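Now for the letters of each chain:
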Amino acid sequence: GEDVEQSLFLSVREGDSSVINCTYTDSSSTYLYWYKQEPGAGLQLLTYIFSNMDMKQDQRLTVLLNKKDKHLSLRIADTQTGDSAIYFCAERTGYSTLTFGKGTMLLVSP
Amino acid sequence: SAVISQKPSRDICQRGTSLTIQCQVDSQVTMMFWYRQQPGQSLTLIATANQGSEATYESGFVIDKFPISRPNLTFSTLTVSNMSPEDSSIYLCSVVGQATDTQYFGPGTRLTVL
């Protein structure tokens, strides 16, 4: 069945780069997404990548996809305290079914 | 991007009562979904809200417990019926954008059942 795994916690210092990793099992995934959830808030779509791409860059965010290993990463450059949140990786299979990982809590210290 | 609003944003309810959550989107969308996020957990899909017909429920979720309406392409409601403390969660509405590679979420409704 479908399964999405993420590390649960990451701590970095302000100004450093953060790398959040995700693995998935369904080889028929069409899109892979990164969402950000701040405390008490809903999910904000950060970025996504189509499964036939291997990299996507959007300002401070870089998504790398290794389809052979089913590994996805999100790199945040120059991490700020405002980036502290839970980051969810999600894969889409079929038309619109999303399967989420359990989320990675990113803590950015000054 | 689609702008999604939900009402109420939070509520505290008594066991045995029901709560209806509303989801409004600022544009017509084809696909609308309801998700649940239990405390400290990831998101689980409850059902797909189908316009003009019965919702499609995922395994473990039934219509009697979570009736859903979708009268048009911009609005849906989810009712949590006969609530128990185990229903305490955040309930999120989600839509697929006009560019069908994007999926957006509402701000969520935080429900606490006493």
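Above this text you will find the structure in question.
Residues numbered from 1 in each chain as written. Chains lettered and ligands numbered in written order. Predicted model: local features only at pLDDT ≥ 70, side-chain atom pairs only at ≥ 80, totals over all residues. Heavy atoms only, no water.

S.K.: In this structure, what is going on with the overall build of chain A? I would like to understand it.
M.R.: In terms of helices and strands, chain A carries zero helices and eleven strands. Reading the helices (α) and strands (β) of chain A from amino to carboxyl end gives β-β-β-β-β-β-β-β-β-β-β. A globule of 110 residues ought to have a C-alpha radius of gyration of about 13 Å, and chain A, at 13 Å, matches this closely. Overall, the C-alpha framework of chain A stretches about 40 × 30 × 20 Å when taken along its three principal axes. For chain A, the residues scored as buried account for 46% of the 110 residues in total. Carbon together with sulfur atoms contributes 51% to the accessible area of chain A, which is approximately 5300 Å² in total. In chain A, which carries 10 positive and 13 negative side-chain charges, the distance between the mean positions of the two groups comes to 2 Å. (Helix = DSSP H or I, 4+ residues; strand = E, 2+ residues; numbered from the N terminus. Rg over C-alpha atoms; globule rule 2.2 N^0.38 Å. Buried < 20%, exposed > 50% of the residue type's maximum accessible area, 1.4 Å probe, protein only. Areas by Shrake-Rupley, 256 points an atom, 1.4 Å probe, with all protein chains shown as cover. Lys, Arg positive; Asp, Glu negative; His and termini not counted. Charge placed at Lys NZ, Arg CZ, Asp CG, Glu CD.)

S.K.: It is not clear to me how the sheet that holds strand E3 (residues 18-24) of chain A should be interpreted in this structure. Could you clarify?
M.R.: Within a sheet, adjacent strands bond to each other through the backbone by hydrogen bonds, running parallel or antiparallel. All names here are of chain A. Reading across the sheet, the five strands line up as E1-E3-E8-E7-E6 and stay open at both edges, with antiparallel pairing between neighbours. The sheet is open, and its two edges are formed by strand E1 (4-6) and strand E6 (55-58), each paired on a single side. Looking at each pair of strands side by side, their axes are set apart by 15 degrees on average, direction ignored. Pairing between E6 and strand E7 (residues 61-66): four bridges, direction antiparallel. The residue of E7 that forms the bridge with Asp58 is Leu61. (Pairing = 2+ DSSP bridges. Axes fitted to C-alpha atoms, helices over the stretch in contact; angles between N-to-C directions.)

S.K.: Quick question: what am I supposed to make of the nonpolar core here?
M.R.: Within soluble globular proteins, side chains that are nonpolar generally end up buried alongside one another. Grouped together as the largest cluster of nonpolar side chains are 46 residues, with contacts concentrated most on Tyr35 and Phe100 of chain A together with Trp34, Tyr35 and Phe105 of chain B. Sort the elements by how many residues they give to this core and strand E9 (residues 89-96) of chain B lands first, with six residues. Apart from residues no more than four positions distant in its own chain, Phe100 of chain A is found in contact with Val4, Tyr35, Leu43, Phe88, Cys89 and Ala90 of chain A together with Tyr35, Ser42, Leu43 and Phe105 of chain B. Residues Tyr24, Leu61, Val63 and Leu65 of chain A belong to the second largest nonpolar core, which totals 20 residues. (Core = buried A, V, L, I, M, F, W, Y, C linked by side-chain atoms within 4.5 Å. Contact = heavy atoms within 4.5 Å.)

S.K.: Looking at this structure, how should I read the layout of surface pockets?
M.R.: It is the rolling of a water-molecule-sized probe over the atoms that shows where space remains empty. By volume, the largest pocket amounts to about 480 Å³. Lining the largest pocket are 29 residues, with Gln37 and Ile86 of chain A together with Gln37, Gly40 and Gln41 of chain B positioned closest to its centre. Looking at the lining of the largest pocket, the elements with two or more residues in it are strand E9 (85-93) and strand E11 (104-109) of chain A together with E9 and strand E11 (109-113) of chain B. For the lining of the largest pocket, the class distribution of residues is 13 nonpolar, 13 polar and three charged. One number sums up the size of the second largest pocket: a volume of about 180 Å³. (1 Å grid on protein atoms, 1.4 Å probe; cavity = no way out; pocket = protein on both sides within 12 Å on 5 of 7 lines; lining within 4 Å. Points joined across faces, edges and corners; volume = space filled by probe spheres on them. Nonpolar A, V, L, I, M, F, W, Y, C, P; charged D, E, K, R; others polar.)

S.K.: Teacher, can you tell me more about the sheet that holds strand E1 (residues 4-7) of chain B here?
M.R.: Residues and elements named next belong to chain B. Ordered in space as E1-E3-E8-E7, the four strands form an open sheet in which the pairing is antiparallel. A single partner strand is all that each edge strand has here, and the edge strands are E1 and strand E7 (68-72). When the angles between neighbouring strand axes are averaged without regard to direction, this sheet yields 15 degrees.

S.K.: What is the right way to look at the state of the cysteines in this model?
M.R.: For the structure shown, the criterion picks out two disulfides over all chains. The disulfide partner of Cys22 of chain A is Cys89 of chain A, and the gap between their sulfur atoms is 2.0 Å. Sign of the S-S torsion, about -65 degrees for the bond between Cys22 of chain A and Cys89 of chain A, identifies this disulfide as left-handed. Here the residue Cys22 of chain A occupies a position in strand E3, and Cys89 of chain A occupies one in strand E9, the gap between them amounting to 67 residues. When sorted by exposure, Cys22 of chain A lands in the same class as Cys89 of chain A, which is buried. One disulfide bridge connects Cys23 of chain B with Cys93 of chain B, the sulfur atoms lying 1.9 Å from each other. Between Cys23 of chain B and Cys93 of chain B the sulfur-sulfur dihedral comes to about -65 degrees; the bridge is accordingly left-handed. Taken together, the positions of Cys23 of chain B in strand E3 (residues 19-25) and Cys93 of chain B in strand E9 put the pair 70 residues apart, joining distant regions of the chain. For the pair Cys23 of chain B and Cys93 of chain B, a shared accessibility class is recorded, and that class is buried. (Disulfide = S-S within 2.5 Å.)

S.K.: When you look at the pattern of salt bridges in this model, what are you seeing that I'm missing?
M.R.: Side chains that carry opposite charge are capable of pairing whenever their charged atoms lie near each other. The full count for this structure, using the stated rule, is three salt bridges over all chains. With a closest N to O distance of 3.6 Å, Asp69 of chain A and Lys68 of chain A form a salt bridge. With relative accessibility at 46%, the residue Asp69 of chain A sits in the partly exposed group. Salt-bridge contacts for Lys65 of chain B lead to Asp87 of chain B; the nearest nitrogen and oxygen are separated by 2.6 Å. Separated by 22 residues along the polypeptide, Lys65 of chain B in the loop between strand E6 (56-57) and E7 and Asp87 of chain B in the loop between strand E8 (75-80) and E9 bring together distant segments of the chain. (Salt bridge = Lys/Arg side-chain N within 4 Å of Asp/Glu carboxyl O.)

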